[in-house]
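These are the residues of each chain, in order.
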Amino acid sequence: MIIRTRLAAGACALLAALAAGMAFPAGASAGEPTGEDAPKVDLVLDVSGSMRTRDIDGGTRMAAAKQAFNEVLDATPEEVQLGIRTLGADYPGDDRKTGCKDTAQLYPVGPLDRTEAKTAVATLAPTGWTPIGPALLKAADDLDGGAGSKRIVLISDGEDTCAPLDPCEVAREIAAKGIGLTIDTLGLVPNTKMRQQLSCIAEATGGTYTSVEHTDELTDKVNQLVDRAADPVVTPVATEGADACAKAPTLKSGLYTDREEFGQQRWYRVDVEPGQELRASVSVGADRAVNPSYGVLLRAVTVHGREIVRGEAAGDGRTDVLSTGLRYPKAESDEDDAAAEAVCLQVTNSFSVASGVKTTPGLPLELTVDVVDGPGDSDDVAAFGLGRGWWLLGLLVLVGFVAGLLWGWLSRWRFAIWRTN
């Protein structure tokens, strides 16, 4: 019993090590970290009338936002191009049509002049409406161009007042453009409805939502997000899968992004030379409320439709990201001029939504393709997916076996000594 326990522990350690090795494939040629273009951040601040409320550390919400902005401007890294956009800052009237257009660029996205930016922030006074959707559309335009990281940081104390332009749908449309833009949201003294809306906006673009109730929390979080923009990032390359293998785009190693409708299938092609191994993974994000019991399937098939290998995953109903992957090693060929094999990757999903939930744009899909030199024994890998981990398997089994024998012998010896005494 003791020996079996030790062997089981050794096997678990092996599986964990192999999983970690498979989760981090070698670098790709498409979607490399973008270090050439300066990272861009657009701070979008709600300046609507409700920002006059005095419930943050004894002062108004507007005062807390101004203090946080001043400290953030002082700490912004030199390499970050930063801009500030407002919503609800200029129109004090009651005309909804006019109020829902009230968004302006307070400071343009570019090299930061801290004095000028602080002066602009000091002029702000809580005024009008809360047109979050229109402000996000304009902020996306502010960040247009360049391959560096792009981030919108939205700070608001209330939900959008300009429906039916749903800001969550706006965020999905921005994500569907494939420009690598992330929206992070911060809610000042949040209520349930505002929390749901700001969370939805963040989830649609892979961003984060944070509730804030103190000035120092606001400062720390905005600083963190601005600093994160300066970190090297991998920007996925936008592609468009086909509805059949014959029409599919040919992809090289890299990170790609696409959109997939509910119940739709997307096809891509990858050329694999003899002696190489194809590693592919796909993540599909349920960026809106979906029905429970869904799944994602990734298959590698030949151009003639024969399945080579598959990976699949299932979900239980949470709004989340579902991922799966596969590996296909192509054996070496005795022929020097052996042709590459065209492998077709098929991505399908079984997501569904209740009536009233929009199905367009499609669900965000991220596909990783990596074609590397194959392992020494392709047949073993195709059968078990262990690659060169066989030597590790043997070593761990041996260590576990010896450790189990030693532990069992020591236990029996101690028990014998106890009985003697």
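Residues numbered from 1 in each chain as written. Predicted model: local features only at pLDDT ≥ 70, side-chain atom pairs only at ≥ 80, totals over all residues. Heavy atoms only, no water.

Colleague: Help me get a handle on the overall build of the protein chain, residues and values and all.
Modeller: In terms of regular secondary structure, the protein chain is built from ten helices and 17 strands. Counting only residues that meet the buried cut, the protein chain has 46% of its 421 residues in that class. Accessible surface, the protein chain: about 20,600 Å² in total, of which carbon and sulfur atoms supply 53%. (Helix = DSSP H or I, 4+ residues; strand = E, 2+ residues; numbered from the N terminus. Buried < 20%, exposed > 50% of the residue type's maximum accessible area, 1.4 Å probe, protein only. Areas by Shrake-Rupley, 256 points an atom, 1.4 Å probe, with all protein chains shown as cover.)

Colleague: A description of the sheet that holds strand 15 (residues 321-329) should follow, citing residues and the corresponding values.
Modeller: Reading across the sheet, the five strands line up as 9-10-17-12-15 and stay open at both edges, with mixed pairing between neighbours. Looking at the sheet topology across the chains shown, the edges are occupied by strand 9 (237-238) and strand 15. Relative to strand 15, strand 12 (residues 276-285) runs antiparallel, the two being bridged by nine bridges. Looking at the pairing, S283 lines up with S323 of strand 15. (Pairing = 2+ DSSP bridges.)

Colleague: Please set out the nonpolar core residue by residue, giving values where relevant.
Modeller: Residues L43, L45, I155, L218 and V226 are the most contacted members of the largest nonpolar core, which totals 31 residues. Looking at this core, the elements with two or more residues in it are strand 1 (40-46), helix 2 (61-75), strand 4 (81-87), helix 4 (114-122), strand 6 (150-156), strand 7 (181-188) and helix 8 (215-230). No other element matches the seven residues that helix 2 contributes to this core. When neighbours within four sequence positions are excluded, V226 is seen to be in contact with V41, L43, V72, T76, P77, V80 and L82. With 29 residues, the next largest nonpolar core counts L251, L322, V343 and V369 among its residues. (Core = buried A, V, L, I, M, F, W, Y, C linked by side-chain atoms within 4.5 Å. Contact = heavy atoms within 4.5 Å.)

Colleague: Provide a residue-level description of helix 6 (residues 167-176), including the pertinent values.
Modeller: A large share of helix 6 lies buried, amounting to seven of its ten residues. Among the residues of helix 6, P167, C168, E169, V170, A171, R172 and I174 are the ones counted as buried. Measuring from the side-chain oxygen of the N-cap residue of helix 6 to the backbone nitrogen of C168 gives 3.0 Å; that N-cap residue is D166. Once helix 6 ends, the next one or two residues include G178, with phi positive near 70°. (Polar contact = N/O pair within 3.5 Å; in protein donor to acceptor, adjacent residues only side chain to side chain.)

Colleague: Hey, could you go over the sheet that holds strand 14 (residues 307-315) for me, with residue numbers and the actual values?
Modeller: Hydrogen bonds between backbone atoms are what pair the strands of a sheet, whose relative direction is either parallel or antiparallel. With antiparallel pairing, the four strands of this open sheet are ordered in space as 11-16-13-14. In the strand order of this sheet, the two ends are held by strand 11 (265-272) and strand 14, each with one partner. With strand direction ignored, the average angle separating the axes of adjacent strands in the sheet is 15°. Pairing geometry for strand 13 (residues 294-301) and strand 14, over eight bridges, is antiparallel. (Axes fitted to C-alpha atoms, helices over the stretch in contact; angles between N-to-C directions.)

Colleague: Go over unusual backbone geometry with me, naming the residues and quoting the values.
Modeller: The omega torsion of the bond from T360 to P361 falls at -5°, within 30 degrees of zero and hence cis. Take P361: it is sitting in the loop between strand 16 (341-349) and strand 17 (363-373). One non-glycine residue, D57, lies in the positive phi region at around 55°. Within the secondary structure, D57 is located in the loop between strand 2 (54-56) and strand 3 (59-60). Owing to a relative accessible area of 48%, D57 belongs among the partly exposed residues under this scheme. Phi is positive for S293, close to 65°, though the residue is something other than glycine. Among the structural elements, S293 can be located in the loop between strand 12 and strand 13. Here S293 falls in the exposed class, since its relative accessible area comes to 62%.

Colleague: Summarise a nonpolar patch on the surface; cite the residues concerned and give the values.
Modeller: Together, L398, F401, V402, L405 and L406 give the surface a local cluster of nonpolar side chains, amounting to about 450 Å² of exposed area. Assessed through its relative accessible area of 43%, L405 is described here as partly exposed. (Patch = residues over 30% accessible without salt bridge, like charges linked within 9 Å, V, L, I, M, F, W, Y side chains within 5 Å. Salt bridge = Lys/Arg side-chain N within 4 Å of Asp/Glu carboxyl O.)

Colleague: How would you summarise the side chain of E169 if you had to cite specific residues and measurements?
Modeller: Checked against the element boundaries, E169 lands in helix 6. Judged by relative accessible area, E169 falls into the buried class, the value being 11%. If we skip the residues at most four places from it in the chain, E169 touches K358 and T360.

Colleague: How would you sum up the environment of D102? Please name residues and give values.
Modeller: As for its placement among the helices and strands, D102 is situated in the loop between helix 3 (96-99) and strand 5 (103-110). A C-alpha to C-alpha distance of 9.7 Å links D102 and I132, two positions 30 residues apart in sequence. In contact with D102, other than residues within four places in its own chain, are T86, L87, G88, A89, D90, Y91 and P131. Looking at D102, its side chain comes within polar contact range of the main-chain nitrogen of A89, at 3.2 Å.

Colleague: For the environment of D258, give the residues involved together with the corresponding values.
Modeller: Examined against the element boundaries, D258 turns out to sit in strand 10 (residues 254-260). At a separation of 2.8 Å, a polar atom in the side chain of D258 contacts the main-chain amide nitrogen of G241. A polar contact of 3.2 Å, which involves the side chain of D258, links it to the side chain of R266.

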